[in-house]
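These are the residues of each chain, in order.
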Amino acid sequence: MMFRLFCCALAIALSLGAARAQDSDAPLQSLLQANADAVANPSRSTVDGLVAALLASDLPGVPVFLERWRDRGVYLRSSDGLFYYATKAEGGYALVDVDTGQDAGQADSADITELRPNAGVRRVIGSALVAFQLLDDDPARRLAALDAIDRSPSEDQLEPLRLSIDEEPDPALKDRKIRLERLLSARFAETPAQRIAAIESLEGDLGVDARAVLNLILTTSPAVFAELPTDRNIAAVLEPGTEALSEDEAYARLVEAGFAPPLTGVATIKDALIAAMDGDAVAGIPVAGLSTDAAREAAYEALAATGAVPPLVTLDDQAAALAAHRFVLLYAEPDPAITAAAADTLEAIQFKVGLNQAADLALDGLSLASIYFLAAIGLAITFGVMGVINMAHGEFIMMGAYTGYVVQLFIPDYTLSLLLALPLAFAVTFAAGVAMERLVIRWLYHRPLETLLATFGISIALQQLAKNIFGTQARPLTSPDWLSGTLTFNEVVSISMIRVAIFVLALMFLGLLIYILKRTRLGLEVRAVTQNPGMAASMGINPDRINMLTFGLGSGIAGIAGVAIGLYAKVTSEMGADYIVQSFMTVVVGGVGNVWGTLAGATLIGFLQKGIEFLNPSNTLAAQTYMILFIILFIQFRPKGIIALKGRAAGD
Amino acid sequence: MSGSFIARNPSVLWFLLALSVFTVAVTLMSEVTGVGLISTSFVKTLGKTLCLCLIAIAMDVVWGYCGILSLGHFAFFGLGGYAIGMWLMYARTEIIVVQSLANAPLPPTDKEVTDAIATQIFGVVGSAEFPLIWAFSHSLALQLLMVVLVPGLLALVFGWLAFRSRVTGVYLSILTQAMTLALSLYLFQNDSGLRGNNGLSGLQNLPGLDAVPQSVISIAFFWASALALGLGYVLFAWIVSGKMGSVIRAIRDNESRVRFLGYHVESYKLFVFTVTAIVAAIAGALYYPQAGIINPAEIAPIASIYLAVWVAIGGRGRLYGAVIGAAFVSLLSSWFTGGSAPAVNLGFYTINWTDWWLVLLGLSFVAVTLFFPKGIGGLFDLIVLRPVPDRQGDYGPDKGAWRREEGEP
Amino acid sequence: MSTLLEVSGVSVTFDGFRAINNLSISIGQAELRAVIGPNGAGKTTFMDIITGKTKPDEGRVIWGPRSISLLDLSESQIARQGIGRKFQKPTVFEAQTVRENLAMALKNPRGPFDVLFYRKSRATAARIDEIAEEIGLTDDLPRRAGELSHGQKQWLEIGMLLAQDPQLLLVDEPAAGMTPAEREHTTALLVRAAETRAVVVVEHDMEFVRRLNCKVTVLHEGSVLAEGSLDHVTKNQDVIDVYLGR
């Protein structure tokens, strides 16, 4: 009864509306009224024609209408039979005219009906909408449409996307459209040939989404058959008991598929026995004797003989069941040609990704190597020239980093403070190094092991001092904005700007040191003292002064390294200790007393550590362990490091 | 022979006498066997200190006599502790598990017991299975063998590799430090099979001796530690006296000259390195049941460096010096860091020793190296007046590491 | 006279510098030989090669009746084969007593466990006393080697060499820092030693070489320039040009 009334009302409304529809001020409303029934009660069969009509009208309001329609924002007012956009408002709904977009007054909630297109219809609307958005004049909207396709690709987006490519004026967006078209074609194109062509065109594409599409095509699911089927697209036949499929997993699949009874496990037997316990015995067997699996199995079989429990399924049964079935992985995609093309393409892409990952890894290794180089070069200089191992070198690194931190406390501009922190850190640690050389090391020449221990004493004192002053928590050393970005080469290869900066810094210091050692008077004297201190002294070189300057230089570089390391890691009182062993390793592996040796050592260790971390990414501790083991073995073959002085100058 | 050995080394007798007097005195002052002047925890501290003295004399032999500044002997100490800790933990957990399974409806199978123990021990690192290295942990005898074998083999292999390639001086020190670091980093992993950074705990509870109070156990371990120290002292005094000691000290002072005399220097170094590593491991096996817990932080490189500090402060090249250094510094250190040391008020700043002790230690260590290279043990020279050679430069364990002059070996 | 040591075609290069250049020398069973040459002629490197300290780039070093190649042996193995060496600067173990120094050098098993369980015997003590007497250090046996004078250290080192009881003694400038009387004594000792074994003396002092009265080999730029009696080589024009004439 109600329904009929409603229909009557609707009919009246429609006729009224039809009268209004002639109104040329409201072309969209009139078009809608012309198809009012299809708009109000859309179905899969009617919606295509309606959408086509709307698109054909070429009216400016159509995209907005489609969007609102899909999102259930279009309402039908019973009183005049017109369509409005409506939003909930105080005391009912605020109406908006579909043509003008102007406010059209208020309506009572009883007076209007929300249009509720079903999911199928909404999909059709959506794809029509995509076509509109893809052809929108606003590039931002076109981009948004592409992003939407990227997020949730579907079959019906393919056609509008294809149509929009030729119309696209923006070259960047056009490229993106072409690429998206390929990705969609790979999955949804009509003919297998088209799909294969699209799949093959993805070769060489490093994007994660390309691999995702291929992996989607190659999705597999496990299945069990008594005989191998011929009409299914089989990805692989798995042998139970191999790495890909353990026997237990295989049997679990059989059980799941209902092809075999579950194995009577130790736990099942135990539960069954406990359940069937009768005083001190189970099935007539005393409980006290059931302390081995064999005895329990025997008791269970006795129980099974009485019929109280299902018969024992043993490992033999499991093996027999496994032998009687074939375990396969099935492609979700039925066409083997497509999966084969996808597998080939994926393999090619993976290879290229591998190459790029190697490049990325090399960049990481290079940046780690520059850090080690900066941390170790000061140590190498003091060790090479003076034969002195400075265990407090790590603490000089820490002092440099804290200097940077303190400078930032006073100068809020990060760029300025960084520029100031570098020379200041050098000055602070240079002074500390000179002081240490004059007060301690000078008195311990020719006693390297005692120097090692004395500098270690200084190291623990400095570390505790830093803890007392700055506290135990990590202090930030913030890098300026221009250093916080990332340098991206492609989807796989990228490196953070800080690391680039550290690399540049290391290069600068390499150049500077080579220049000082090879081209300046100081360098000449340093080299003279390195090779023969006694002779150098008799030539009028003051070895004490040279030693002092060398030690200051080595310590100063440690300070600069501290600022660099502090920028990408936190500043703590223990940061020096974290680098000291690696620095020693770098010096030892590289060969003592040689800038190039330190460079070689840092490169080897940096690349090695990154390489090991890549092979075992979950476990950086293990990576460090293996690296140290490698170094111990390396020393076996080159006890004097990569670049060793030979002959008489080696001073062995 | 033994008579002449003691006669030639009167300090051994003096040391044994002092050790016995100390042991008896502590026993008489403890809570259980004496008048109760010393608390059980302090007896444990003293017992642990004796173990530290034992590893210190091992360090003195390898460094002060043989000239190898090993920064790895605490790794052997820790391995010894881990080896005995594995048995302690297994056996104790086994007792608990067997007790709790006794109430189960069915008598447990062996596998159920083992699985339950494994779950108890390794639950904390998310595992429930025994790793292969625990294969002997059920047996005290086998695990005691491991105390000696594992560190001994490690020292043998590492020493063979290092000495064979003629790595000496600071290089060797750094290499041993690297070995220690590698070991501790490895043990820090959860899947190392030794409970990662949780380490082994509850070691003070001896399996089956729950009824015996800790005060008794502490005295027993104190005696065992004193006995081990005494035996270790005699063993090392014997090794470093006589011709062996002569060769070892010669290697320290001029390694290649010894080689030209026809001695295979590497074998001697390997012998000393391995024997001291084994003694260090035994010291560790006695230390950790008294400490109650062992974790990888104990064998970090810093611990081995502290060991060198003790020996240097005590005076290297004499065994009693190492004992004095280890006892003095480690007891002083626990006094300062334990908060018992009175804070010094400077008016504008109060020196809190828990914060400043390491600064003091570091600086006094520098001072000892600079001004008292003979350490505390050097004071005894003032009493005994050892003949001091005068026509020489700065001979010492490290001279071999720094020689440039042509024509010298 | 059969050959004890045969060095043939040996060359060594240090960073492009040829220290030894195709050197060939052979030493007989019981022979005293003096090796002279200007600085840098390769005298010390020659000794380094024989004692295993330096491995040559090419050439052969053959030792003893069983013709063992010394190049495959380590320093300590070579020393145990019976080659003793005295260094240019006296290198004795200064922290130990003279007796300990001699005891260490004494010919005995050299393995660590042999040494660990080594027990003094009357025979070895007598042998040490005998050597001490020969080198004039009997009264100094309990003293530390570091307390000895330079000349006494030289003697101690020679004593250690004798204690090793080698078949070949390589002696590098034994007379440096000795008084004329001590030189006399050294000469006598070396000549006596050469009666039963081979002795190679590297020396700068022509007077000392003349007193040894033996075959002389002149080295120059890493190879043999002349060989023969001292009078013979001093008349050689090449020798005069490169060495004596300057």
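The model shown is predicted, which means the values in this text are computed figures rather than measured ones. (Residues numbered from 1 in each chain as written. Chains lettered and ligands numbered in written order. Predicted model: local features only at pLDDT ≥ 70, side-chain atom pairs only at ≥ 80, totals over all residues. Heavy atoms only, no water.)

1. Considering the overall build of chain A
- A count of helices and strands for chain A gives 26 helices and twelve strands.
- At 39 Å, chain A has a C-alpha radius of gyration far larger than the 26 Å of a compact globule built from 652 residues.
- The principal-axis extent of the C-alpha atoms belonging to chain A is close to 120 × 90 × 55 Å.
- Among the 652 residues that make up chain A, the fraction classed as buried is 46%.
- In chain A, the share of contacts with a sequence separation of at least 24, taken over all contacts with a separation of at least 6, comes to 69%.
- When the accessible surface of chain A is summed, it comes to about 30700 Å², and 60% of that surface belongs to carbon and sulfur atoms.
- One finds the centroid of the 46 positive side-chain charges in chain A at a distance of 12 Å from the centroid of its 68 negative side-chain charges. (Helix = DSSP H or I, 4+ residues; strand = E, 2+ residues; numbered from the N terminus. Rg over C-alpha atoms; globule rule 2.2 N^0.38 Å. Buried < 20%, exposed > 50% of the residue type's maximum accessible area, 1.4 Å probe, protein only. Contact = heavy atoms within 4.5 Å. Areas by Shrake-Rupley, 256 points an atom, 1.4 Å probe, with all protein chains shown as cover. Lys, Arg positive; Asp, Glu negative; His and termini not counted. Charge placed at Lys NZ, Arg CZ, Asp CG, Glu CD.)

2. Points about the pattern of salt bridges
- Applying the stated criterion across every chain yields a total of 41 salt bridges over all chains.
- Linking A:D147 and A:R176 is a salt bridge whose minimum nitrogen-to-oxygen distance equals 3.0 Å. Of this pair, A:D147 sits in helix 7 (residues 139-151) while A:R176 sits in helix 9 (residues 171-188), placing them 29 residues apart in sequence.
- The exposure class assigned to A:R176 is partly exposed, which follows from its relative accessible area of 25%.
- With a closest N to O distance of 2.7 Å, C:E75 and B:R166 form a salt bridge. (Salt bridge = Lys/Arg side-chain N within 4 Å of Asp/Glu carboxyl O.)

3. As for the sheet that holds strand 1 (residues 3-14) of chain C
Residues and elements named next belong to chain C.
- One open sheet holds the four strands; their spatial order is 2-1-4-5, and the pairing between them is antiparallel. Either end of the sheet is taken by a strand with one partner, and the two such strands are strand 2 (17-28) and strand 5 (68-69).
- Where strand 1 and strand 2 come together, eight bridges link them in antiparallel fashion. Bridge pairing in strand 2 places T3 opposite G28. (Pairing = 2+ DSSP bridges.)

4. Some points on the domain arrangement of chain A
- Along its sequence, chain A is carved into domain 1 (2-123), domain 2 (135-217), domain 3 (220-331) and domain 4 (369-578).
- Each of domain 1 of chain A and domain 3 of chain A was reduced to a C-alpha centroid, and the two centroids are 63 Å apart. (Domains from an automatic or database assignment.)

5. Describing the interface of chain B and chain C
- Contacts between the two partners involve 34 residues from chain B and, on the opposite side, 38 residues from chain C.
- When chain B packs against chain C, close to 3500 Å² is buried across both sides, 61% of that on carbon and sulfur atoms.
- It is B:K243, B:R257 and B:F260 in chain B that bury the most area against chain C; as a group they hold 22% of the surface buried on that side.
- Our enumeration of links across chain B and chain C arrives at three salt bridges. (Buried area = accessible area lost by both parts, 1.4 Å probe.)

6. Some thoughts on the pairing of strand 1 of chain C
- Where burial is concerned, most of strand 1 of chain C is hidden: nine out of the twelve residues are buried.
- Linking two consecutive strands that pair antiparallel, namely strand 1 of chain C and strand 2 of chain C, is a turn of two residues; a positive phi of about 45 degrees is found at C:D15 within it.

7. Things to note about the nonpolar core
- By size, the foremost hydrophobic cluster in this structure holds 265 residues, and its most contacted members are B:I57, B:W63, B:L69, B:F74, B:L319, C:L156 and C:V199.
- The biggest single contributor to this core is helix 3 (residues 40-65) of chain B, with 16 residues.
- Other than its neighbours up to four places away in sequence, B:L69 contacts A:L449, A:L452, A:L453, B:M59, B:W63, B:S173, B:T176 and B:A308. (Core = buried A, V, L, I, M, F, W, Y, C linked by side-chain atoms within 4.5 Å.)

8. Let's talk about the interface of chain A and chain B
- The partner chain B presents 57 residues to the 60 residues of chain A that form the contact.
- In total, about 5300 Å² of surface goes out of reach between chain A and chain B, with carbon and sulfur atoms giving 72% of it.
- The three residues of chain A that bury the most area against chain B are A:L449, A:L453 and A:Q636, which together make up 13% of that side's buried surface.
- Taken together, chain A and chain B are joined by three salt bridges.
- Among the salt bridges present, the one from A:R296 reaches B:E112, with a minimum N-O distance of 2.9 Å.
- Across the chain A-chain B interface, the total number found is six residue pairs in polar contact (both at pLDDT 80 or more).
- Taken together, the elements giving at least two residues each to the side of chain A that touches chain B come down to helix 13 (266-275), helix 14 (293-306), helix 16 (336-386), helix 19 (448-470), helix 21 (521-531), helix 24 (575-590) and helix 26 (620-637) of chain A.
- Per-element accounting of the side of chain A that touches chain B gives the leading share, 14 residues, to helix 19 of chain A.
- Here the side of chain A that touches chain B is composed, by residue class, of 39 nonpolar, 14 polar and seven charged. (Polar contact = N/O pair within 3.5 Å; in protein donor to acceptor, adjacent residues only side chain to side chain. Nonpolar A, V, L, I, M, F, W, Y, C, P; charged D, E, K, R; others polar.)

9. Description of the sheet that holds strand 6 (residues 83-86) of chain C
All names here are of chain C.
- Within the open sheet, the six strands sit side by side as 6-7-8-3-9-10. Their pairing is mixed. The sheet terminates laterally at strand 6 and strand 10 (223-229), the two strands that pair on one side only. The average undirected angle you get between the axes of adjacent strands in this sheet is 20 degrees.
- Those strands touched by helix 6 (residues 150-164) are strand 6 and strand 7 (168-172), and its axis lies near 180 degrees from that of strand 6.
- The strands that helix 7 (residues 180-193) touches are strand 3 (32-36), strand 7 and strand 8 (198-202); relative to strand 8, the one it contacts most, it runs at about 145 degrees. (Axes fitted to C-alpha atoms, helices over the stretch in contact; angles between N-to-C directions.)

10. Describing the side chain of A:E613
Residues and elements named next belong to chain A.
- Mapped onto the elements, E613 comes out in helix 25 (residues 595-615).
- A relative accessible area of 19% means that E613 is categorised as buried.
- Residues in contact with E613, not counting those within four places in the same chain, are T620 and A623.

11. Observations concerning the environment of B:L194
All names here are of chain B.
- Summarising the element assignment, L194 is placed in the loop between helix 7 (169-188) and strand 1 (200-201).
- Taking relative accessible area as the criterion, L194 reaches 8% and is therefore assigned buried.
- Excluding residues that lie within four positions of it along the chain, L194 makes contacts with Y82, M86, I133, W134, L187, G199 and L200.

12. Here we look at unusual backbone geometry
All names here are of chain C.
- Even without being a glycine, N22 presents a positive backbone phi close to 50 degrees.
- Turning to its location among the elements, N22 is positioned in strand 2.
- By relative accessible area, which is 52% here, N22 ends up exposed.
- Unusually for a residue other than glycine, N213 sits at a positive phi of about 55 degrees.
- Residue position: N213 is located in the loop between helix 8 (206-212) and strand 9 (215-220).

13. A look at a negative patch on the surface
- Taken together, the side chains of A:E200, A:E203, A:D344 and A:E347 present a region of like negative charge at the surface.
- Along the chain, A:E203 turns up in the loop between helix 10 (192-201) and helix 11 (208-217). (Patch = residues over 30% accessible without salt bridge, like charges linked within 9 Å, V, L, I, M, F, W, Y side chains within 5 Å.)

14. Digging into the environment of C:R33
All names here are of chain C.
- Mapped onto the secondary structure, R33 falls in strand 3.
- Judged by relative accessible area, R33 falls into the buried class, the value being 1%.
- A sequence separation of 206 residues divides R33 from V239, and the C-alpha atoms of the two residues are 17 Å apart.
- Excluding residues that lie within four positions of it along the chain, R33 makes contacts with I25, S26, I27, V199, V200, V201, C214, K215, T217 and E227.
- Reaching out from R33, the side chain makes a polar contact with the side chain of T217 at a distance of 2.9 Å.

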